Amino acid sequence: MKALELRGLSAFHGEAQVLFDVDLALEPGEVVALVGRNGAGKTSLLRAAMGLGARTQGRVVLNGEDLTGAPPHVRARRGLGYVPEDRRIFTDLTVAENLRFVARAVPGGFGEADLLDLFPNLAPMLDRPAGAMSGGEQQMLAVARTLAANPRVVLLDEPSEGIAPIIVAGMRTAILAMRQRGVTVLVSEQNLGFVASIADRALLIEQGRLAGQAARAELLQPSAAVQRVLGV
């Protein structure tokens, strides 16, 4: 059984179509990078998979369950997690309250102690309002909060963008820990060095359409196809 399948997924902003008939299938525990330049449709794809946006078409199947038409909160309850680029943490709540508000205990899943092991910088901040954290710290909290709900598939939008290298290293550790526990990750990224260190393979996206895929080696030494979709 596939962890996540998107079948003929399209998305629209008003009358403009921004995603065109995307088909993909992710295996349990697989880390897949979604690679393309700004405006290529990466965020639109993740949002459409989560059920966000004004209008979408196509099917979304999570662990064999057809969630087409289900609202985002239902998809989240069924095990689909999403960390948007703008994080969407609860800035008026403390770090601990952010984690505990969504926590869902699952045998073999991530508990609070596990999350603090993954993101040790959060441990001394448990009583700090999330709005008083740096951008990188908020990014760590956003990922930790998503994992507190123990999703089976996680959608990550540009997790390394604009944050310090030490925090990027923490993101890498967290994603590898997800893989080790069988969590599937679809990560939107432009940082090839980062995705080459975590991804099993990459899907290339260009102008709202999937334009092929690339093996990890093609990210380490960017192939012509990878260079084309990134415009380098």
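Just above sits the structure.
> Can you lay out the overall build of the protein for me, pointing to particular residues and giving the numbers?
Scanning the protein from N- to C-terminus turns up nine helices and ten strands. By the compact-globule yardstick of 17 Å for 232 residues, the protein fits well, its C-alpha radius of gyration being 17 Å. With the model as given, the accessible surface of the protein reaches about 10200 Å², and the carbon-plus-sulfur share is 51%.

> Can you tell me about the packing of helix α5 (residues 135-148) against helix α6 (residues 165-180), naming the residues and giving the values?
Viewed as axis vectors pointing N to C, α5 and α6 meet at an angle of 10°, and their least axial separation amounts to 10 Å. Taken as axis vectors, α5 and α6 run roughly parallel relative to one another. On α6, the residues that touch Gly136, Glu137, Gln139, Met140, Val143 and Leu147 of α5 are Ile167, Met171 and Met178. A per-class count over the contact of α5 with α6 returns six nonpolar, two polar and one charged.

> Got a sec to walk through the sheet that holds strand β4 (residues 55-62)? Specific residues and values, please.
Strand order in the open sheet formed by four strands is β2-β1-β4-β5, with antiparallel pairing between adjacent strands. On the outer flanks of this sheet lie β2 (16-26) and β5 (65-66), each paired with one strand and no other. Inspection of the sheet shows β4 paired to β5 by two bridges, in the antiparallel sense. The partner of Val61 across the bridge, within β5, is Asp66. Helix α1 (residues 42-50) rests against β1 (4-13), β2 and β4 of the sheet, and its axis sits at about 110° to β1.

> Break down the pairing of strand β6 (residues 80-83) for me, citing the residues and quoting the values.
Of the two faces of β6, the one holding Leu80 and Tyr82 and the one holding Gly81 and Val83 are both buried throughout. Of the pairings in the sheet, the one linking β6 to strand β7 (residues 153-157) comprises four bridges and is parallel in character. Paired with Gly81 across the strands is Val154, a residue of β7.

> Tell me about the side chain of Glu5, residues and numbers included.
Note on placement: Glu5 falls in strand β1. Given a relative accessible area of 17%, Glu5 falls into the buried group. A polar side-chain atom of Glu5 sits 2.8 Å from a polar atom in the side chain of Arg7.

> Give me the packing of aromatic side chains: which residues, what numbers.
Enumeration over the complete set of coordinates arrives at one aromatic pair. Relative to Phe101, the ring of Phe90 has its centre 5.3 Å away and its plane inclined at 75°; by these criteria the two rings are edge-to-face. Taken together, the positions of Phe90 in the loop between β6 and α3 (95-102) and Phe101 in helix α3 put the pair eleven residues apart, joining distant regions of the chain. The ring of Phe90 has Arg145 sitting right over it, with the charged end atom 4.9 Å from the ring centre. The lysine or arginine in question, Arg209, covers the ring of Phe20, its NZ or CZ lying 3.9 Å from the ring centre.

> Please provide a residue-by-residue account of α6, values included.
When the terminal C-alpha atoms of α6 are compared, their 23 Å separation across 16 residues agrees well with the 22 Å that a helix rising 1.5 Å per residue should span. Regarding α6, the residues found buried are Ile167, Val168, Gly170, Met171, Ala174, Ile175, Ala177 and Met178. Of the residues one or two after α6, Gly182 is the one with positive phi, at around 85°.

> Explain α3 to me, and be specific about the residues and the numbers.
When α3 is considered as a whole, its buried residues turn out to be Val95, Ala96, Asn98 and Leu99. The buried residues of α3 occupy an angular sector of 165° when projected down its axis, which confines them to one face. For α3, exposure combined with an orientation more than 90 degrees from the buried face picks out Arg100 and Phe101.

Reading guide: rules and limits
- Residues numbered from 1 in each chain as written.
- Predicted model: local features only at pLDDT ≥ 70, side-chain atom pairs only at ≥ 80, totals over all residues.
- Heavy atoms only, no water.
- Helix = DSSP H or I, 4+ residues; strand = E, 2+ residues; numbered from the N terminus.
- Rg over C-alpha atoms; globule rule 2.2 N^0.38 Å.
- Areas by Shrake-Rupley, 256 points an atom, 1.4 Å probe, with all protein chains shown as cover.
- Axes fitted to C-alpha atoms, helices over the stretch in contact; angles between N-to-C directions.
- Parallel < 35°, antiparallel > 145°, perpendicular 65-115°, else oblique.
- Contact = heavy atoms within 4.5 Å.
- Nonpolar A, V, L, I, M, F, W, Y, C, P; charged D, E, K, R; others polar.
- Pairing = 2+ DSSP bridges.
- Buried < 20%, exposed > 50% of the residue type's maximum accessible area, 1.4 Å probe, protein only.
- Polar contact = N/O pair within 3.5 Å; in protein donor to acceptor, adjacent residues only side chain to side chain.
- Phe/Tyr/Trp six-rings, centres within 6.5 Å; stacked < 30°, edge-to-face > 60°.
- Lys NZ or Arg CZ within 6 Å of the ring centre and 35° of its normal.
- Expected span 1.5 Å × (residues − 1).
- Arc of directions from axis to C-beta.

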